[in-house]
Amino acid sequence: MRIVHISDIHLSKDNFAEFENNYREALLNILADEHINKKSIDIIAVTGDLIDQGGHSLFEIPKFSGYKDPFQIFEEEFITPLKKKLNFSNSKFLFIAGNHDIDELRVDFESSA
């Protein structure tokens, strides 16, 4: 079984342009080459800190005006392109959230103790 592990993306307003203009396409091409020309990928594990600080800064990007869920942005900008490039279904992905994925503005730490 071949597993690709991607971690700590921290997608945010501060790194989105660089991600969109440079990193995403490079990652897609590397993974496609690995999957198609070398040994096929069975699972992509995306772990820890998919977004940064609950994803609030992503809503400041004009492209995402009106969005309410930062994970929808992550899915559209990161996961969907991977699925299309590799011809993968959702079942090929494993997600494990990290501490930066928590929406700290919605968590009441005192009442949850």
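### A look at the overall build of the protein chain
Inference 1: When helices and strands are counted, the protein chain shows 2 helices and 3 strands.
Inference 2: Written out in order from the N terminus, the α and β elements of the protein chain read β-α-β-α-β.
Inference 3: Taking the principal axes of the C-alpha coordinates as reference, the protein chain spans close to 50 × 35 × 20 Å.
Inference 4: Burial statistics for the protein chain: of 113 residues in total, 39% are counted as buried.
Inference 5: Carbon and sulfur atoms make up 52% of the accessible area of the protein chain, which totals about 6,900 Å².
Inference 6: Distance between charge centroids for the protein chain: 10 Å, based on 12 positive and 20 negative side chains.

### Observations concerning the nonpolar core
Side chains of a nonpolar character, in soluble globular proteins, are inclined to be buried together.
Inference 1: Core analysis: the biggest nonpolar cluster contains 25 residues, and L31, I44, V46, F74 and F78 have the highest contact counts within it.
Inference 2: For this core, the secondary structure elements donating two or more residues are strand 1 (3-7), helix 1 (13-38), strand 2 (43-47) and helix 2 (70-86).
Inference 3: Of the residues forming this core, the biggest block, 6 residues, is contributed by helix 2.
Inference 4: Those residues within four positions of V46 in sequence are excluded, and the remaining contacts are I6, I9, F74, F78, I79, L94, F95 and I96.

Cut-off values and rules
- Residues numbered from 1 in each chain as written.
- Predicted model: local features only at pLDDT ≥ 70, side-chain atom pairs only at ≥ 80, totals over all residues.
- Heavy atoms only, no water.
- Helix = DSSP H or I, 4+ residues; strand = E, 2+ residues; numbered from the N terminus.
- Buried < 20%, exposed > 50% of the residue type's maximum accessible area, 1.4 Å probe, protein only.
- Areas by Shrake-Rupley, 256 points an atom, 1.4 Å probe, with all protein chains shown as cover.
- Lys, Arg positive; Asp, Glu negative; His and termini not counted.
- Charge placed at Lys NZ, Arg CZ, Asp CG, Glu CD.
- Core = buried A, V, L, I, M, F, W, Y, C linked by side-chain atoms within 4.5 Å.
- Contact = heavy atoms within 4.5 Å.

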